[in-house]
Amino acid sequence: MPTTTVRIPTPDGRADAFAAFPEGGERHPGVLLYQDAFGLRPELEEKARELAAHGYYVLVPNVYYRHGPAPVTGLPGHIGKEIRPAVIDRLMPLITAHTTERVLRDADAYLTYLADRPEVTAGPVAAIGYCMGGALAVRTAAAHPGRVAAVAGFHPSPLVTDAPDSPHHLFGELTAQVHLGLAEGDMTPETTAGLLQALDAAGVEHTTEIYPGTVHGFTMSDTDAFDPSAVQRHWDRLLLLLRRTLPTG
């Protein structure tokens, strides 16, 4: 499985990123994979390899690149419950600094990079994300409706908030098909109902599920939240979405 580390020019510098793609020298649909709060690390590189094995060129940018190359802060091999709060405290200034304006500037650069790669098929791509990456995927797809055909978010950070730039205000801009896989505690029943109402009102073609018995972060095997059955369900749903929207030939 070919992999590489790349540096992508952006208006604010150069973003380091990990890419994985199938062997053989052929072209494959592009997938932009956005990180969770803990950032680009071996766990996400392994997810990129898994997707690439199914016929996709997968790009995983370090969205914290303005603060240094990944890993921007030291991470243990396993992020257990006892150290998770301290790790999040170190990362919170980076998360807060990643404003909507920065998200959109970076998304332009990432999509341009994919469009220019000889290994990537011309045509639409997918934007997928975990935790905070779910909102980044929605913002990317809303800003590039002709370019992003699929959006997936797993245990996403809040998509319905009181903020003027809450992601749910962008649903009307989406032309992508969407899958959202929520942990049981990700949203209150009222917030979940509001999310579904906003998706339906915008006419978004979507599947939205609460994965039973899960907690936030259930896809990440380097955390205590990991749930093997739920991560398999996530792969099943994600690959089905990609097969519908990004044929690999």
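Residues numbered from 1 in each chain as written. Predicted model: local features only at pLDDT ≥ 70, side-chain atom pairs only at ≥ 80, totals over all residues. Heavy atoms only, no water.

## Some details on the overall build of the chain
Assigned secondary structure in the chain consists of six helices and eight strands. Helices and strands in the chain line up, N terminus first, as β-β-β-α-β-α-α-β-α-β-β-α-β-α. Scaling as 2.2 N^0.38, a compact globule of 249 residues should have a C-alpha radius of gyration of about 18 Å, and the chain matches this with 17 Å. Across its three principal directions, the C-alpha atoms of the chain cover 45 × 40 × 35 Å. Per-residue burial for the chain yields a buried fraction of 53% across its 249 residues. For the chain, the share of sequence-separated contacts (at least 6 apart) that also reach a separation of at least 24 residues comes to 75%. Counting 19 positive and 29 negative side-chain charges, the chain places the centres of these two groups 4 Å from one another. (Helix = DSSP H or I, 4+ residues; strand = E, 2+ residues; numbered from the N terminus. Rg over C-alpha atoms; globule rule 2.2 N^0.38 Å. Buried < 20%, exposed > 50% of the residue type's maximum accessible area, 1.4 Å probe, protein only. Contact = heavy atoms within 4.5 Å. Lys, Arg positive; Asp, Glu negative; His and termini not counted. Charge placed at Lys NZ, Arg CZ, Asp CG, Glu CD.)

## Thoughts on the pattern of salt bridges
All told, the structure shown has ten salt bridges when counted by the stated rule. Between Arg105 and Asp12 there is a salt bridge; the shortest N-O distance is 2.8 Å. Taken together, the residues span a long stretch of sequence, with Arg105 in helix 3 (residues 100-116) and Asp12 in the loop between strand 1 (3-10) and strand 2 (13-20) at a distance of 93 residues. One salt bridge in this structure joins Glu43 and Lys47, with 2.6 Å as the shortest N-O distance. Taken as a pair, Glu43 and Lys47 lie in helix 1 (residues 42-52) at a separation of four residues, close to a single helical turn. (Salt bridge = Lys/Arg side-chain N within 4 Å of Asp/Glu carboxyl O.)

## Some remarks on the nonpolar core
Judged by nonpolar contacts, the single largest core of 51 residues is most densely connected at Leu59 and Tyr110. What Leu59 contacts, discounting residues up to four positions off in sequence, is Val6, Ile8, Ala17, Phe18, Ala19, Val31, Leu32, Leu33, Tyr110, Tyr113 and Leu114. Among the nonpolar cores identified, the runner-up in size contains 31 residues, and Ala48, Val58, Phe154 and Val231 belong to it. (Core = buried A, V, L, I, M, F, W, Y, C linked by side-chain atoms within 4.5 Å.)

## Examining the pairing of strand 8 (residues 206-211)
Where strand 7 (residues 177-183) and strand 8 come together, six bridges link them in parallel fashion. Residue pairing for strand 8: Val178 is matched across the bridge by His206. Handedness of the β-α-β unit built from strand 7, helix 5 (residues 189-201) and strand 8 comes out right-handed. (Pairing = 2+ DSSP bridges. Right-handed = clockwise from strand over helix to strand, strands pointing away.)

## A short note on unusual backbone geometry
Glycine aside, residues mostly have negative phi, and peptide bonds are mostly found in the trans state. Looking along the chain, the bond that leaves Ala70 and enters Pro71 is cis, with omega of -5°. In this structure, Pro71 sits in the loop between strand 4 (57-61) and helix 2 (84-97). One non-glycine residue, Cys131, lies in the positive phi region at around 55°. Relative to the elements of secondary structure, Cys131 occurs in the loop between strand 5 (125-130) and helix 4 (132-143). Residue class for Cys131 comes out buried when judged on its relative accessible area of 13%. In this model, His155 sits at a positive phi of 35°, which is unusual for a non-glycine residue. Here His155 is to be found in the loop between strand 6 (148-154) and strand 7.

## A short note on helix 5
A rise of 1.5 Å per residue sets the reference length of helix 5, with its 13 residues, at 18 Å; its end C-alpha atoms lie 18 Å apart and thus fit the reference within 8%. As for helix 5, its buried residues are in contact with strand 7 and strand 8. Once helix 5 ends, the next one or two residues include Gly203, with phi positive near 75°. (Expected span 1.5 Å × (residues − 1).)

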